[in-house]
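What follows is the residue order along each chain.
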Amino acid sequence: MTSEIFPHDVQQILDLVGIFVFALSGGLMAVRKNMDIFGICVLAEATALGGGVLRDLVIGALPVAAFTNSGYFPTPLVAGVVVFFLHPEVERITRAVMVLDAAGLGLFAVTGTIKAHDYGLGAVASVACGMLTAAGGGVVRDVLAMEPPSLLRWDREIYAVPALIGAAITALLIGIGQLTPVSAALAAVAAFTVRMLALKYGWRAPRAWHRNGSRTSEE
Amino acid sequence: MTSEIFPHDVQQILDLVGIFVFALSGGLMAVRKNMDIFGICVLAEATALGGGVLRDLVIGALPVAAFTNSGYFPTPLVAGVVVFFLHPEVERITRAVMVLDAAGLGLFAVTGTIKAHDYGLGAVASVACGMLTAAGGGVVRDVLAMEPPSLLRWDREIYAVPALIGAAITALLIGIGQLTPVSAALAAVAAFTVRMLALKYGWRAPRAWHRNGSRTSEE
Amino acid sequence: MTSEIFPHDVQQILDLVGIFVFALSGGLMAVRKNMDIFGICVLAEATALGGGVLRDLVIGALPVAAFTNSGYFPTPLVAGVVVFFLHPEVERITRAVMVLDAAGLGLFAVTGTIKAHDYGLGAVASVACGMLTAAGGGVVRDVLAMEPPSLLRWDREIYAVPALIGAAITALLIGIGQLTPVSAALAAVAAFTVRMLALKYGWRAPRAWHRNGSRTSEE
């Protein structure tokens, strides 16, 4: 299966690191929302695995990988416990967490696109699935925490665009038959880099033209 | 597959028109919520394709049609861009959008019911899937936009009932072996008509009997 | 299929009772949110069947049981109508409803775990699916009603833990080859008992350590 474009062990380690960091962001949200240890673990699971589960559902890769890969489910529980005991320390390294989150974003955009292609989807649909894999978990996290989805907010640095870039490069590489571990890694690095630059320079996306009075109401 | 009750090209055009109008309603909600261009496109996609995706998931039609029919995914992006540049103009023709939305409601209630039946579901379950197809996208839109789902609000004109009527007539036609392009179109027209009458005369559904004090708190 | 660990008729009756009570909790939430009769029925359906639908989706048991078992879909409609006409009476027997809800929690934690195992999932994943079956509907209910999910709130009696206990005992019984109708019933009773004790003594789960100033803001 080409969705394991990297050597099996490398892929698994990368996946688990990505899952762990996404889980941290879910756990921190749960602490901010004053949830208990179970809420922290549930939100860590939903954030870390939500994107991949949504991808597997829509492409029909069932049972979902979250429940068949034996490392995927326990990892967010570890992250949840870490946040439970050490959340001030985790908050203090938010910068490091965001760097790792950007790495996870790049990784999952690439592997999500490849897996969708493996299941027979076309290039455009595969790109959409790559973005869903990378960004879906964060949307699930925000919906469960009753927060306006960060992905949809104009006042947050762009998140969908880096995912789109990583997924689109991957689909292009597949299309021209040049998908290799090295080129796939470069696609992930491209997404990672754009996300890091967006964070550094506060890149945001434009809102609709000609918005009028209602503007102030939500700002 | 009888879910293509209409000639293939006609069906595709009807589907794309329905998807486009549903996407407009998602895009307009995104503008009202002050989202950026990506938020507009994400909400347009989720609103337009959400109902069909939910139906395909529960009946097991995987990968979902949203990702296998090459016209389905790009259409909401076009609607999103239209809303981005022209939202005051789109708001101005809200009346026309609501008429087309009612047409989409009727169409998807009918085709959703037929597709569920094609996948082996019974009459009651097929009707439920028809309603899910027609109304599910709007619920996804409202959840992502952090709005109380319009479908569930007593102070909105009935939306579930027209969908129910279209779906129930379709299931009945299937049951008596009289499903033809003409009769299916009539079922869609019936749903459309009830929805238009509901809008015109402000038809609402009753709330629970004997509600007491708490009434005023949410009105 | 061992997910019918009990005799078929007994299983069906237990399932329908569990679905009915879960539907009551959805219907009552809808009344509290001032929804109309259709909102009441939609929320009753989503609450009663949501957990099982999510389980069936992730394990790939499609079409979902909610639409293939002919008793599952109509039952919440009956509960919705009961709530519509008699909600003050239903509110008055909240205590009885909570007892039955705890019984449903225990039942679905056990049967959900067994069904996941039948579809080839490992022990940990099966336990997660058991919890999802038991608690997922309530989360869907709260998201649709725009309420912070009760499952995730620190100030509510524990709900995930009893489900975890019932599911874990079931997975253990499967592992040691001792799953029988009697032992499965005991697993459900264990979950039920812990939930009832949690309600009686107000058991709650701990929140993150070292929370600081932000604490007061949400309490």
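Quick notes on the rules
- Residues numbered from 1 in each chain as written.
- Chains lettered and ligands numbered in written order.
- Predicted model: local features only at pLDDT ≥ 70, side-chain atom pairs only at ≥ 80, totals over all residues.
- Heavy atoms only, no water.
- Least-squares fit on C-alpha atoms with pLDDT ≥ 70 in both.
- Contact = heavy atoms within 4.5 Å.
- Buried area = accessible area lost by both parts, 1.4 Å probe.
- Salt bridge = Lys/Arg side-chain N within 4 Å of Asp/Glu carboxyl O.
- Polar contact = N/O pair within 3.5 Å; in protein donor to acceptor, adjacent residues only side chain to side chain.
- Helix = DSSP H or I, 4+ residues; strand = E, 2+ residues; numbered from the N terminus.
- Buried < 20%, exposed > 50% of the residue type's maximum accessible area, 1.4 Å probe, protein only.

Where do I start with the relation of the copies chain C and chain A in this structure?
The pair of chain copies shares a relation made of a rotation about an axis and a shift along it. Once chain C has been moved 0.0 Å along the axis and rotated by 120 degrees, it coincides with chain A to within an RMSD of 0.0 Å. Both chain copies can therefore be described as sitting about a three-fold axis. A share of only 12% of interface residues in chain C that are also interface residues in chain A marks the association as one of differing surfaces.

Help me understand the relation of the copies chain A and chain B, please; the structure alone is not making it clear to me.
Screw-axis analysis of chain A against chain B gives a translation of 0.0 Å along the axis, an RMSD of 0.0 Å, and a rotation angle of 120 degrees. The two copies present different faces, since only 12% of the interface residues in chain A are matched by interface residues at the equivalent positions in chain B.

Would you take a moment to explain the interface of chain A and chain B for this structure?
How big an interface is tends to be reported as the loss of accessible area on association of its parts. Counting residues at the interface gives 33 residues for chain A, matched by 26 residues for chain B. Buried surface at the junction of chain A and chain B, summed over both partners, amounts to about 2500 Å²; 73% is from carbon and sulfur atoms. Linking chain A to chain B there are zero salt bridges. Seen at the junction of chain A and chain B, the total is three residue pairs in polar contact (both at pLDDT 80 or more). Only α2 (37–59), α6 (123–144), α7 (160–175) and α9 (215–218) of chain A provide two or more residues apiece to the side of chain A that touches chain B. It is α6 of chain A that provides the largest number of residues to the side of chain A that touches chain B, a total of seven residues.

Just to check I follow, could you spell out the side chain of T47 of chain A for this structure?
Residues and elements named next belong to chain A. Secondary-structure assignment places T47 in helix α2. When its relative accessible area of 2% is taken as the criterion, T47 is described as buried. For T47, the residues in contact, after removing those within four places along its chain, are F22, S25, G26, G137, G138 and R141.

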